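# Descriptive structure summary
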Amino acid sequence: MSALTPPTDMPTPTTDKITQAAMETIYLCKFRVSMDGEWLCLRELDDISLTPDPEPTHEDPNYLMANERMNLMNMAKLSIKGLIESALNLGRTLDSDYAPLQQFFVVMEHCLKHGLKAKKTFLGQNKSFWGPLELVEKLVPEAGEITASVKDLPGLKTPVGRGRAWLRLALMQKKLSEYMKALINKKELLSEFYEPNALMMEEEGAIIAGLLVGLNVIDANFCMKGEDLDSQVGVIDFSMYLKDGNSTKGNEGDGQITAILDQKNYVEELNRHLNATVNNLQAKVDALEKSNTKLTEELAVANNRIITLQEEMERVKEESSYILESNRKVTKQDRTADGQALSEARKHLKEETQLRLDVEKELEMQISMRQEMELAMKMLEKDVCEKQDALVSLRQQLDDLRALKHELSFKLQSSDLGVKQKSELNSRLEEKTNQMAATIKQLEQSEKDLVKQAKTLNCAASKLIPKHHH
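Notes on the structure follow. No experiment lies behind these values; they were computed from the predicted model shown. (Residues numbered from 1 in each chain as written. Predicted model: local features only at pLDDT ≥ 70, side-chain atom pairs only at ≥ 80, totals over all residues. Heavy atoms only, no water.)

### Some remarks on empty space enclosed by the protein
Just so we agree on the cut-off: Think of a 1 Å grid over just the protein atoms. A cavity is a set of points where a 1.4 Å probe fits yet cannot get out, a pocket is an open set with protein on both sides within 12 Å along at least five of seven lines, and lining residues have an atom within 4 Å of a point. Grid points are joined across faces, edges and corners, and a volume is the space filled by probe spheres set on the points. Strands here are runs of E lasting at least two residues and helices are runs of H or I lasting at least four, both read from the DSSP assignment and numbered beginning at the N terminus. The residue classification treats Ala, Val, Leu, Ile, Met, Phe, Trp, Tyr, Cys and Pro as nonpolar and Asp, Glu, Lys and Arg as charged. All others, Gly included, are polar.
Scanning all chains against the criterion turns up four cavities of 30 Å³ or more. Of the voids in this model, the largest cavity is the one considered here, and its volume is about 90 Å³. Around the largest cavity, the lining residues are K405, L408, S409, L412, K422, L425, N426 and L429. The set of elements that each furnish at least two residues to the lining of the largest cavity consists of α11 (250-414) and α12 (419-469). Per-class residue counts for the lining of the largest cavity are four nonpolar, two polar and two charged.

### A short note on the packing of helix α2 (residues 61-90) against helix α10 (residues 203-211)
Under the convention used in this document: Fitting a line to C-alpha atoms yields each axis, with helices limited to the stretch in contact; the angle taken between N-to-C directions then spans 0 to 180 degrees. When describing relative orientation, an angle under 35 degrees is termed roughly parallel and one over 145 degrees roughly antiparallel, while 65 to 115 degrees is termed roughly perpendicular and anything else oblique. Contacts were defined at the residue level, with two residues in contact if any of their heavy atoms lie within 4.5 Å.
Remark: α2 packs on α10, axes separated minimally by 10 Å, with the N-to-C direction vectors making an angle of 5°. By the angle class used here, α2 and α10 are roughly parallel. Within the contact between the two elements, α2 uses R69, L72, M73, A76, K77 and I80 and α10 uses E204, I207, I208 and L211.

### Re the packing of aromatic side chains
Stated precisely, the cut-off is as follows: In this analysis, rings of Phe, Tyr and Trp, with Trp reduced to its six-membered ring, are considered paired at centre separations within 6.5 Å, and the interplanar angle assigns stacked below 30 degrees, edge-to-face beyond 60, and tilted for intermediate values.
A full pass over the atoms with the stated rule returns three aromatic pairs. With 5.5 Å between their ring centres and 55° between their planes, F104 and F105 make a pair best called tilted. With a centroid separation of 5.8 Å and 45° between ring planes, the pair formed by W166 and Y179 is classed as tilted. Of this pair, W166 sits in helix α7 (residues 159-172) while Y179 sits in helix α8 (residues 176-184), and the two are 13 residues apart along the sequence. Connected via pairs of aromatic rings, a cluster forms that spans F104, F105 and F222.

Right under this line is the structure:
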């Protein structure tokens, strides 16, 4: 059995007590933690006598994990109970410097880390309980607010720091028990992060979640911006829960001294806050007095300026009244002249509009004539093309007749028979050729006439187009 004098619940313990607490910190897996009333009893596993029934050896991982779960559950019970009692005796809002509250967060951190699976990252293996806590916002929508607040905190760089900040905000929100119950009920989600025999996967986790309901009577307030949550070392101080048999009578006196010292520290802190507020108010009063003097000076200058502006306004009014009278006289004279000019302008406008309408009508006529001439040009071009084709065919026929004539003349020379018939035929052919030559000349002449007509039409169209543009 270990028996040590528990230290007082001072917010800031001395260096000797911190050293003593560090010396008394032990590993949970080598000891069995049991409850003796409201105190903690530790025994080494090697000192525990074995029963005749076969039990698993101490090297069995399942046995060690079960022992660690039991130890953590008992530590959580003591931590929660001591925190509630000390907070109720203190009677004020707790902050981050309160020692029992610090130990409670350390115990909760050990509970959440128990049985965590190691995840391989770029820098090696990493165990962090921030991953399971992120799942809470999917199960309870109200937790999304604190999760977003944790992610927005600028000073947090590691997942461990974010998890610690999340625990503190959940305690401030008085929803830590609700969130832990919702998380423990989803074993299928926790299996991604925890081993099957971890505390969060077993019955001990549900018991701890039920014990957290009592913390709803505590009011806590934490300032996360200046607190370094990434580099804190989470070590359980067992000296706060171990009992000394010779000092049980002095516990009541120590508790009274602790309460008096806490009240003294609270009054001093309140006095410091009041002094700071008085100094701030005095500085604000001085600043307001200075600004008041400046405002009075500016007000006097503004009054002088208003007087000068009023004088200028009166002078401007007199000038404006004189100008208005002179303008009225001038406007009467100008109105008659403006009426005559307006009537002349209206007449001129009517003439211009009529002229514009006439020009538009003439333009429409010229456009229609131009379209008709373009149509006639297309028809003449088509007729010329047809006559050219006929002329080509006639010329081809003439060439064929000439060739036939030459052939017949050759045959006439080679043969003496049928000279008369051939001469008659030759005369006929000559007449036919002469007729065809005459028709060809007539076609050529008609073609020339058509070309002349097309040129005249083109000239007329070119003369109409510039007029249309003008």
